[in-house]
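# Survey of secondary and tertiary structure
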Amino acid sequence: MSTAMERDEATGLTWVRAITIDAASVGSPEPTSDLPTRIWAEEQLGADPVCWALVTAQRMADQIVESVPIFGSDAGVHLLLRRAVEGTTLRLLITLLTDDTDAVWPAPEPADAVTSYVRRQIPLEDVLRSISVSQEVFTRLLLEQVSVLVPTERINEETRATLSLVFRTYDLFSSAIASYYLRDAERWAQTTAAVQTRHIERALQATATAEVAELSRELDYDLTGSHLAAVFWMRAPRLVRRAPEAIEAAIHHLLATTGRPAHLVRWVGPATAQVWLQVDDPAAADGLDLELAHVQNLHLAVGSVAAGISGFRSSHESARATERLAHLAGPRLPWLVTHRSVQAITLLLHDLPGLQAFVIRTLGALAADEPRAEELRTSLEAYLAAGRSSRKAAATLPAHRNTVVYRVRSAEQLLPPGSALDSMELRLALRVCELLGPRFSES
């Protein structure tokens, strides 16, 4: 046996490459790590260990959000977290295979995540805690594989070797991340953008007239005027490297469309930018018609116009609420969403499990997650929106009037007994399904 093979066997080649998972039963999440990382991992490990890594990384990210809630407070942060955890998990398996701890760092996915954490002012303590949580989950799930794949007489030896390498790799990785975070934080603190970000953060908290006047001067932006806030982001983590260029072009087009007003831009990650525009028209958000060459995976959430320093905050909050809804809705919503068009639903997002229960309780069997039920829900919603006119509903769907009548009757039969078609609850549940689907969650 060659020296290389001896080294590989000592680090678990025979069982790492044998890792498998029933993707059909557990469901394989959409990959978030960079394509070159996944290609490299498949070349080194094979398809089954990579699939296991994707599922494991999702479980690790979910546990991090539960243990360190700040990583779930923002959709952009959560997406970058998943990308970083997935990329690192794939590299950890390669490390187990090759005994090369340099495979884990440096790497683009965790580096981009740390850059975002610095700009969002997520404390280093929370970043390191997230790594600790991921280590706990990864180690537990990895040892389950050892117990299944390694012969009984070798389990103790292989477990010790595996734990030693995992702990050593995580220690090196944590130290590297801490150093990178501190260096990036020092560089960021000296930039003009960082100074502006700190002023914007103060403005979002300010109430005193003197402080508002001071910040208006520092920002060269009248905080006492009327504001329209928005959030640009790119959904696919694999596009994060080209996101700034695409988002800057979209911001430029937005400014041109709205008459180039005074504005502020705050980057809160490599693929997310928050914007404020000084506007005079209360209906400015409704008149947006951005005919830019739309970049795939680029999204825009637009808040409501509001005045004064309180309006600076509330417009921003409405844009953020719209952004969160857009993340939850996915392809059910267009790339540009205004707060006014979804305001009622954004008010319900504080309790997703409760909202899910409300939908199921109100719609009954009509809440089924299948195409026929969706078709019936769409027809019933159009019928109610048309004032119970099957003719008008048929024109909006479009469908034949008799088809609408048949679908409405079929939908009624699926509703819980005693349901009233004119109830506000029914209309609201149908609207939630239209935007979010009948089954939804934060992940």
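Think of each chain on its own: its residues are numbered from 1, step by step along the sequence as written. Local features in this predicted model are restricted to residues of pLDDT 70 or higher, and side-chain atom pairs are both shown and tallied only at a pLDDT of 80 or more, whereas totals for entire chains, interfaces and linings draw on every residue. Water and hydrogen atoms play no part in the side-chain values, which are based on all heavy atoms of the structure.

As a further point, take unusual backbone geometry. Residue Pro106 follows Trp105 across a cis peptide bond; omega there is 0 degrees. Only DSSP runs of H or I reaching four residues or more are called helices, and only runs of E reaching two or more are called strands; each is numbered from the N terminus. The residue Pro106 is located in the loop between helix H6 (75-98) and helix H7 (108-119) in this model. Pro398 follows Leu397 through a cis peptide bond whose omega is -15 degrees. Turning to its location among the elements, Pro398 is positioned in the loop between helix H17 (390-396) and helix H18 (401-414). Phi is positive for Gln121, which is not a glycine, with a value near 60 degrees. Position of Gln121 relative to the elements: it lies in the loop between H7 and helix H8 (124-149).

We now examine the domain arrangement of the chain. As annotated, the domain borders come from an automatic or database domain assignment. According to the domain assignment, the chain consists of domain 1 (14-190), domain 2 (224-348) and domain 3 (352-440). Throughout, a residue-residue contact means that at least one pair of heavy atoms, one from each residue, lies within 4.5 Å. The interface of domain 2 with domain 3 comprises 10 residues on the first partner and 12 residues on the second. A simple way to read buried area is as the amount of 1.4 Å-probe accessible surface that goes missing from two parts once joined, with both sides added. Buried surface at the junction of domain 2 and domain 3, summed over both partners, amounts to about 980 Å²; 67% is from carbon and sulfur atoms. Contact with domain 3 buries surface across domain 2, with Arg332, Ile345 and Leu348 losing the most and accounting together for 61% of the total. Here a salt bridge means any side-chain nitrogen of Lys or Arg lying within 4 Å of a carboxyl oxygen belonging to Asp or Glu. Scanning the region where domain 2 abuts domain 3 turns up 1 salt bridge. Note that Glu374 and Arg332 form a salt bridge whose closest N and O atoms lie 3.5 Å from each other. Polar contact is the term for a pair of N or O atoms within 3.5 Å; when the atoms are in protein, one must be able to donate a hydrogen and the other to accept it, and sequence-neighboring residues count only if both atoms are side-chain atoms. In this assembly, domain 2 and domain 3 are joined by 2 residue pairs in polar contact (both at pLDDT 80 or more). For the side of domain 2 that touches domain 3, the secondary structure elements donating two or more residues are helix H13 (308-329) and helix H14 (339-346). Take the side of domain 2 that touches domain 3: its biggest share by element is 4 residues, from H13. Gly is placed with the polar residues, together with every amino acid not listed as nonpolar (Ala, Val, Leu, Ile, Met, Phe, Trp, Tyr, Cys and Pro) or charged (Asp, Glu, Lys and Arg). Looking at side-chain class alone, the side of domain 2 that touches domain 3 contains 7 nonpolar, 1 polar and 2 charged residues.

Attention now goes to the UniProt feature "domain: RsbT co-antagonist protein RsbRD N-terminal" (unreviewed entry) in the chain. Those residues carrying the UniProt feature "domain: RsbT co-antagonist protein RsbRD N-terminal" (unreviewed entry) are residues 57-194 in this numbering. Across residues 57-194 one finds 80% helix and 0% strand; the C-alpha atoms that close the span lie 32 Å apart. UniProt positions are given in the numbering used here, feature names are shortened, and annotations may be inferred rather than shown by experiment.

Okay, the side chain of Arg377 next. By the secondary structure assignment, Arg377 is in helix H16 (residues 371-385). Here's how the labels work: a residue is buried when its accessible area is under 20% of the maximum for its type, exposed when over 50%, partly exposed in between, all with a 1.4 Å probe on protein chains only. Charge assignment in this entry is limited to Lys and Arg as positive and Asp and Glu as negative, and neither His nor the chain termini are counted. No salt bridge is formed by the buried Arg377, whose closest oppositely charged neighbour, Glu374, lies at an N-O distance of 4.8 Å. Once residues within four sequence positions are removed from consideration, Arg377 is found in contact with Leu363, Leu366, Ala367, Ala368, Leu430, Cys433 and Pro438.

This part is about the packing of aromatic side chains. Any two of the Phe, Tyr and Trp rings considered here, Trp counted by its six-membered ring, make a pair once their centres fall within 6.5 Å; the pair's planes then place it as stacked at under 30 degrees, edge-to-face at over 60, or tilted in between. Counted by the stated rule, this structure contains 7 aromatic pairs. Residues Trp52 and Phe138 carry aromatic rings whose centres are separated by 6.2 Å and whose planes lie at 65 degrees to one another, so their mutual orientation is edge-to-face. A residue pair is termed long-range when its members are at least 10 positions apart, and Trp52 in helix H5 (residues 47-67) and Phe138 in helix H8 qualify at 86 residues. Relative accessible area serves as the criterion here: at 4%, Trp52 is assigned to the buried category.

Mapping Glu30 onto the fold places it in the loop between helix H3 (23-26) and helix H4 (35-45). Considering only alpha carbons, one finds Glu30 and Gln58, 28 residues apart in sequence, at a separation of 9.7 Å.

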